[in-house]
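Chain and residue survey
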Amino acid sequence: MKPKETAEHYILSSSPHTHANASVSRIMLDVIIALLPTTAAGIWFFGMRAVFVIATCVSAALVTEALCRMAMKRESTVGDLSAVLTGLLLALNLPSSIPLHLAAIGSVFAIAVAKQVFGGLGMNPFNPALAGRAFMLISFTGPMTTWYKPCADAVTTPTPLAAMKPLFHASSVSSPTPHAAEALGQIPSVWNMLIGNMPGCIGEVSAIALATGGAYLLWRKVITWHIPAAFIATAFVYSLIAGGAPAYAQILTGGIMIGAIFMATDYVTSPITATGKLIFGFGCGLLCMLIRQFGSYPEGCSFAILIMNALAPLINRWTQPKPFGAK
Amino acid sequence: MKVIKSQFEFKGGVHPDYNKELARDQAIENLPVPEELAISMSQHLGAPAKCIVKAGDWVERGQVIGEKAGFISVLVRASASGRVKAVEKRLGPAGGKADCVILDTAAERPADVPAPSAGPVLAPLDWRTASKEDLLKRVEEAGICGMGGAGFPTAVKLNPPPAKRCEYLILNGAECEPYLTADYRVMLERAPRIRLGVEIMRKMLGGPAVRIAIEANKPEAILAMEKAFADIEGNVQIVVLPVLYPQGSEKHQIYATVKRIVPEPPALPIDVGCVVENVGTAAAIADAVELGEPLLSRVTTVSGDAVANPKNIQAPSGTKYADLVKFCGGEKVPPAKVISGGTMMGFAVSTLEIGTTKTTSGLLLLSRKKVFQYSSHPCINCGRCLRACPMNLNPALISKAVDANDIKAAEDAHVMDCIECGACSFGCPAYRTITQSCRRAKNSIRARIAAEKAKAAAAQAKQ
Amino acid sequence: MMIAISVIAGIGLVAAAVLAAADRYLSVKEDPRIGMVTAALPGANCGGCGFPGCDGYARALVAGTAPNGACAAGGEACAKAIAKILGVEAAATEKRVALVKCCGTRSEAIRVGDYNGICDCNVAASTAGGDKGCTYGCLGYGACANVCPKGAISIRDGLAKVDKRLCIGCGKCVAVCPKKLIELVPASATIHVLCNNPDKGPAVRKVCGVGCMGCHLCEKNSGGKEAGHFTFQGFLAKVNYENPPVDGQIVAKCPAKCMAEDPHFESGH
């Protein structure tokens, strides 16, 4: 017969016995909060279409996450909000004109193939949202490169980046050829670039909104300055040297702002050490600008980050910290 | 004597909730000798003492009941008079079993044993005239070990090899562990004793400079020490340290006070000319030398939100946790976790039947709402543990390696440098058992090294 | 077209020449018996013999630095086969299997805490001595199951259980158990004492409903002390596996219910 147990057992665990109360879901929530300004800007400029795209991506991501975990017979991770974040980030990286079923397919790919196949959050080698976007860009190139003018329904237009691309190869910007002059004329004014009144993906247009979110993340200590600073600085210096469109225009248009602040800083797929983060940011900036100048796509931000994602484990290995007191 | 602010901040560290207000204003109270004591033979770091009494024996207060068993070992004295009920293996707070002398202090004194004279247990010494050897012998026979928590034999520490000179004696009054206020109260109430202890240690170490390290969140303690040390001669300074956990760690305190870096193990502080002693140890040395009073009791903070009246208690070694709790008015709410020590490095225990030791700085009873649960969620690579690690390790890497049972990878990531301070687990948003993983890796590596040594010794014996 | 064919063919010829040259000039001569002995070993690479894998043991055998018969997994048949190859005597071996000397399941042995941490017996044991009331008993966090090279151990109702048919007697579980309660016993022995607690009866009873109290009834019922089927450590009966008891009656007569007849489970592989 079993002896009588004491009514209350004490919890036995290894130290420490106190916690900072940080949690994964709180971090994800912080990133979602940081994305609210740019989400609002996207909706303001691209209207209800943007709302539909966002809603589609987020719900598709959530359903896929839940189904994948069920299929794998693992505990549900819907509550950690990472799927919401992936869906939201993907939506913000899509043009508002994207057909909704394609947006849903991209979201399913991002969660199922880029994340859960590897074992879920923490195990994925590539940023799921970016992997989803890259998948869509290759599979549905047409819809993925059709841009609407902001605040105007169904008027297609090239993005400033597409217009700026030939400028890299123009002989001189100060005395432009007629073709280059036309391209320069298509670069939006600085004010429009800052507030986001230009064609582009839903969440990438408003530099001010993105920077606000970035400041919030820095204040909440969710991210450190290393990756965004190295990324943006590298891209800026590159465009100064390479010439072409003004360097600030290279930074403020396309995906560099959202990429540097929200995509490249993804914990799981970026290096963990400070030095590693600087190298990672530098690599992202360099690759992004190389693709913009020489690649066949006008924008290279997603691919740059994905390539660097693949290098992150190697960078980690290079930059292991030296213990306090070690020679 | 000067009070200066520390100029050197180490990398990493965390800011846990200190919760010191619970017990900080409670003056030290003496606990009447409980009816039963459980005196462990393993109250210190190193080989447990060898028990030399048996069930039925009558022992006097101060009588040696456990002999020093090796170089790194400390003798154990009875903290009260009484009859030995039993000598048995019992669980200690750290989870290991050690011989315990169960002492019935309520037993009647046998007719044939005369009551001892009222004098001190040991003959008082005049530290000014006593030789260094006499003083060392006194520290040893008083059974003193480091009272900060690790319990390193003090006589060994105060007797560095002749080739190594002690340039700085650092007095550790940081007490960076949450909840604990025992050292703080000792600094407030026994400042002159601490000063005397420092002067004795200074003599033993050949006159090093003295640095008294106190965290900035204890201004009253700084004042008390300033007053006690006001007229001391020689190079003595109080160094006010920034409030940062683990400021009390030996290596980090040495860096924060004198900017010296202790190399990787097996290097010791003395290799960079430093000896670090806890304030409580200093007071114990003063008592042992000047009063002839061996280390038989210590101040323990009993605190936590599940204790009715948190207190700082001077209790004889071997006092059962249950008696301490009773002295504090019992439990306010049923505790969900009981911790021997502080919340960052203390040990969770399963029973209140364990006896205190010379290193029991605190006993914490926490209610359910103060206790968090570890999980086995995957690491999200956020890097908080890297930033928190005061040893500048990569705890995420170590923890993942241990998860994969790859102890070699953990060793390559310098897990042996880990001081188990808990800063990594404290901030982990995935609630991973990082510190425990480090411990697991360290234990495996130590076991492997021991096995290799045994193998090599066996092979040599064969030849 | 022709160019492509000739390029491919050329590469093939050059590579073939290099490989042929490498085979002639770089090949390592080794005792052919090593391969034969390795083939005769079971190939489990369990390390139970004390050498790094079967290949390591085979090399040591051929070099004459290891005794034949150290392979518990292969047993007698394997030792005989090796003896034939090497022309040496086979040491008599008997198959040994691991036995977990604890039967304090969750429904019989009390727990004194809620352990929250890494699922491994060694770390659990170093956290307040483990959450089991009996400090000698099986914690059930599966350190043994994790090191078992054959998957012969599983955790059932908070207790490690060994599948006798899968166990190869390598002894890895014996080494890893923090409570040292796994023993290698002859596979032919059928009666076992499933307890590891040498404390006095009342102390055992306080923590476990099926702990040995050292009442010596098993000894008495199996022919007394002279028969020598049991030894005692403190208040704990131990089967003398040199001379194991055979009469299953004593199992039923054990008042503590800590004895069992062939307690190994069979997982149905």
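Just so it is clear, the model here is predicted, and its values are computed rather than measured. (Residues numbered from 1 in each chain as written. Chains lettered and ligands numbered in written order. Predicted model: local features only at pLDDT ≥ 70, side-chain atom pairs only at ≥ 80, totals over all residues.)

Each helix and strand counted, chain A has 15 helices and one strand in total. Expected size for 327 residues packed as a compact globule is a radius of gyration near 20 Å; at 22 Å, chain A falls within 12% of this value. Dimensions along the principal axes, computed over C-alpha positions, put chain A at roughly 95 × 55 × 30 Å. The 327 residues of chain A split such that 54% are buried. Long-range contacts, defined as pairs at least 24 residues apart, comprise 73% of the intrachain contacts of chain A with a sequence gap of at least 6. (Helix = DSSP H or I, 4+ residues; strand = E, 2+ residues; numbered from the N terminus. Rg over C-alpha atoms; globule rule 2.2 N^0.38 Å. Buried ≥ 20, exposed ≤ 12 C-beta atoms within 10 Å, placed from the backbone. Contact = placed C-beta atoms within 7 Å.)

Turning next to the overall build of chain C. For chain C, the helix and strand inventory stands at 11 helices and nine strands. Against the 2.2 N^0.38 benchmark of 18 Å for 269 residues, chain C shows a C-alpha radius of gyration of 26 Å, more extended than a compact globule. Here chain C, with 269 residues, has 44% of them falling under the buried criterion. Sequence separation of 24 or more characterises 58% of the internal contacts of chain C that already satisfy a separation of 6 or more.

This brings us to the interface of chain A and chain B. With 32 residues of chain A at the interface, the matching set in chain B holds 52 residues. At the level of elements, strand S1 (10-12) and helix H1 (24-46) of chain A are the ones that each hand at least two residues to the side of chain A that touches chain B. Looking at which element gives the most residues to the side of chain A that touches chain B, the answer is S1(A), with three residues. For the side of chain A that touches chain B, a count of residues per class yields 17 nonpolar, 12 polar and three charged. (Nonpolar A, V, L, I, M, F, W, Y, C, P; charged D, E, K, R; others polar.)

Residues and elements named next belong to chain A. Between helix H5 (residues 128-139) and helix H15 (residues 301-318), the least distance of the axes is 10 Å, while the angle of their chain directions is 125 degrees. Relative to H15, the element H5 is oriented oblique. Crossing angle aside, the handedness with which H5 passes H15 is left-handed. In this structure, H5 contributes Leu 130, Ala 131, Arg 133 and Ala 134 to the contact, and H15 contributes Ser 302, Phe 303, Ile 305 and Leu 306. A per-class count over the contact of H5 with H15 returns six nonpolar, one polar and one charged. (Axes fitted to C-alpha atoms, helices over the stretch in contact; angles between N-to-C directions. Parallel < 35°, antiparallel > 145°, perpendicular 65-115°, else oblique. Left-handed = near helix turned anticlockwise from the far one by under 90°.)

A few words on the interface of chain A and chain C. Counting from both sides, the interface comprises 10 residues of chain A and, opposite them, 18 residues of chain C. Its residues assigned to classes, the side of chain A that touches chain C shows five nonpolar, three polar and two charged. With three bridges joining them, S1(A) and strand S2 (residues 113-115) of chain C adopt parallel strand pairing. Note on S2(C): the bridge partner recorded for A:Ile11 is C:Asp114. (Pairing = 2+ DSSP bridges.)

Residue and element names in this part refer to chain C. Its domain assignment divides chain C into domain 1 (32-86) and domain 2 (96-261). Relative to domain 2, the C-alpha centre of domain 1 lies at a distance of 31 Å. Of the residues contributing to the side of domain 1 that touches domain 2, the split by class is four nonpolar, two polar and no charged. (Domains from an automatic or database assignment.)

Remark on secondary structure: sheet strands pair via backbone hydrogen bonds, oriented parallel or antiparallel. Residues and elements named next belong to chain B. With respect to topology, six strands assemble into an open sheet ordered S2-S15-S14-S18-S16-S17, the strand pairing being mixed. This sheet does not close on itself; its edge strands, each paired only once, are strand S2 (28-30) and strand S17 (347-349). Taking the axes of each pair of neighbouring strands and ignoring which way they run, one obtains an average angle of 30 degrees across the sheet. Bridge count for S2 against strand S15 (residues 311-316) is three bridges, and the pairing is parallel.

So, on to the pairing of strand S7 (residues 230-233) of chain C. Residue and element names in this part refer to chain C. Pairing of S7 with strand S8 (residues 236-239), which is carried by four bridges, proceeds in the antiparallel orientation. Across the sheet, Phe 230 pairs through a bridge with Val 239, a residue of S8. Linking two consecutive strands that pair antiparallel, namely S7 and S8, is a turn of two residues; a positive phi of about 60 degrees is found at Gly 234 within it.

Residues and elements named next belong to chain C. At a minimum axis separation of 9 Å, helix H2 (residues 32-40) and helix H3 (residues 53-63) run at an interaxial angle of 130 degrees. Taken together, the axis directions place H2 and H3 in an arrangement best described as oblique. Crossing handedness for the pair H2 and H3: right-handed. Between H2 and H3, the contacting residues are Arg 33, Ile 34, Val 37 and Thr 38 on the first element and Cys 54, Asp 55, Ala 58, Arg 59, Leu 61 and Val 62 on the second. A breakdown of the residues in the contact of H2 with H3 according to their chemical character gives six nonpolar, one polar and three charged.

Residues and elements named next belong to chain C. The share of residues in chain C with pLDDT of 70 or more is 97%, and the mean pLDDT across the chain is 87. Here helix H4 (residues 75-86) stands out as the element of chain C with the lowest mean pLDDT, 82, in contrast to helix H1 (residues 2-26), whose mean of 93 is the highest. The ipTM assigned to the predicted complex is 0.90, against a pTM of 0.88. (pLDDT = per-residue confidence, 0-100.)

Bringing the domain arrangement of chain A into the picture now. All names here are of chain A. Considered domain by domain, chain A is made up of domain 1 (25-143) and domain 2 (159-316). Using only C-alpha atoms to locate each centre, domain 1 and domain 2 end up separated by 21 Å. Secondary-structure elements contributing two or more residues to the side of domain 1 that touches domain 2 are H1, helix H2 (48-72), helix H3 (82-92) and H5. Residues that form the side of domain 1 that touches domain 2 fall into these classes: 23 nonpolar, eight polar and two charged.

Residues and elements named next belong to chain B. Taken in spatial order, the four strands of this open sheet run S3-S9-S8-S5, and their pairing is antiparallel. Only two strands of the sheet have a single partner each, and these edge strands are strand S3 (36-40) and strand S5 (58-59). Across two bridges, the pairing between S5 and strand S8 (residues 82-91) is antiparallel. Residue pairing across strands places Trp 58 opposite Arg 83, the latter belonging to S8.

Residues and elements named next belong to chain C. With respect to burial, strand S1 (residues 96-100) is a largely interior element, five of its five residues being buried. Across the two faces of S1 the burial is the same, with Arg 96, Ala 98 and Val 100 and Val 97 and Leu 99 all buried. Inspection of the sheet shows S1 paired to strand S5 (residues 182-186) by five bridges, in the antiparallel sense. Note that in S5 the partner of Val 97 across the bridge is Val 185.

Another point: helix H10 (residues 207-219) of chain A. Residues and elements named next belong to chain A. Between its first and last C-alpha atoms H10 spans 18 Å; for 13 residues at 1.5 Å apiece the expected length is 18 Å, and the two agree. Ala 207, Ala 209, Leu 210, Gly 213, Gly 214 and Leu 217 are the residues of H10 that are buried. With its buried residues spanning 165 degrees around the axis, H10 presents them on a single face. Of the exposed residues in H10, those oriented more than 90 degrees away from the buried face are Ala 215 and Trp 219. Of the surrounding secondary structure, the elements contacted by the buried residues of H10 are H1, helix H9 (190-195), helix H11 (226-242), helix H12 (247-252) and helix H13 (256-263). Once H10 finishes, Lys 221 follows within two positions and takes phi at roughly 55 degrees, a positive value. (Expected span 1.5 Å × (residues − 1). Arc of directions from axis to C-beta.)

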